[in-house]
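Per-entry structural report
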Amino acid sequence: MSLDKILQKLLSDKEELLASIELACKSIEFWEKKADNTFQKMDDFESSSVFDSSEISEKKYTSLMHEASRLMNRINFENNELDKLEASILDLEEKIIKALEKHAKKQKK
């Protein structure tokens, strides 16, 4: 396969990965905003129910804690996916460098 075709394929793959990275970043931003909102609700609830130990308050707090935990798990998942995509980009860039090195060696012969 010619160098042009190899590079076109690798660069096309890189563009797809970059689009996926952009989507993952937007997703993380979305979930972080939801988490910030939940944390604000928790802060508001804590300050408004300092001396209230009713069952309703405990259920509300447990519900907010569960929501915060769920959101943090989602953010962690998205961050892990982003790490995988970034590793894939690095691998792809290494393949591009190797393809160029191989072509350069052929040119020297």
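For the structure, see preceding data.
This text gives an overview of the structure that appears in the document. All of these numbers come straight from a predicted model, not from anything done at the bench. (Residues numbered from 1 in each chain as written. Predicted model: local features only at pLDDT ≥ 70, side-chain atom pairs only at ≥ 80, totals over all residues. Heavy atoms only, no water.)

1. Things to note about the side chain of Thr38
Where we set the bar: Helix and strand assignments come from DSSP, with helices taken as H or I runs of at least 4 residues and strands as E runs of at least 2, each series counted from the N terminus. By definition in these notes, contact holds between two residues if any of their heavy atoms fall within 4.5 Å.
Within the secondary structure, Thr38 sits in helix α1 (residues 3-48). Once you skip the residues sitting within four places of it in the chain, Thr38 turns out to touch Leu64, Glu67, Ala68 and Leu71.

2. Notes on the pattern of salt bridges
Pairing between side chains becomes possible if they bear opposite charge and their charged atoms approach one another. The condition that has to hold: A pair is scored as a salt bridge if a Lys or Arg side-chain nitrogen falls within 4 Å of a carboxyl oxygen belonging to Asp or Glu. For the exposure calls, accessible area comes from a 1.4 Å probe over protein chains only, and a residue counts as buried if that area is under 20% of its type's maximum, exposed if over 50%, partly exposed in between.
Within the structure shown, the criterion is met by 9 salt bridges. The salt bridge involving Arg70 is made with Glu67; its shortest N-O contact spans 2.9 Å. Linking Arg70 with Glu67, this pair stays in helix α2 (residues 55-108), spanning 3 residues, or about one helical turn. A relative accessible area of 38% means that Arg70 is categorised as partly exposed. A salt bridge links Lys84 to Glu81, with the nearest nitrogen and oxygen atoms 3.3 Å apart. Linking Lys84 with Glu81, this pair stays in helix α2, spanning 3 residues, or about one helical turn. Since its relative accessible area comes to 52%, Lys84 is described here as exposed. Overall, Glu81 belongs to the partly exposed group, its relative accessible area being 27%.

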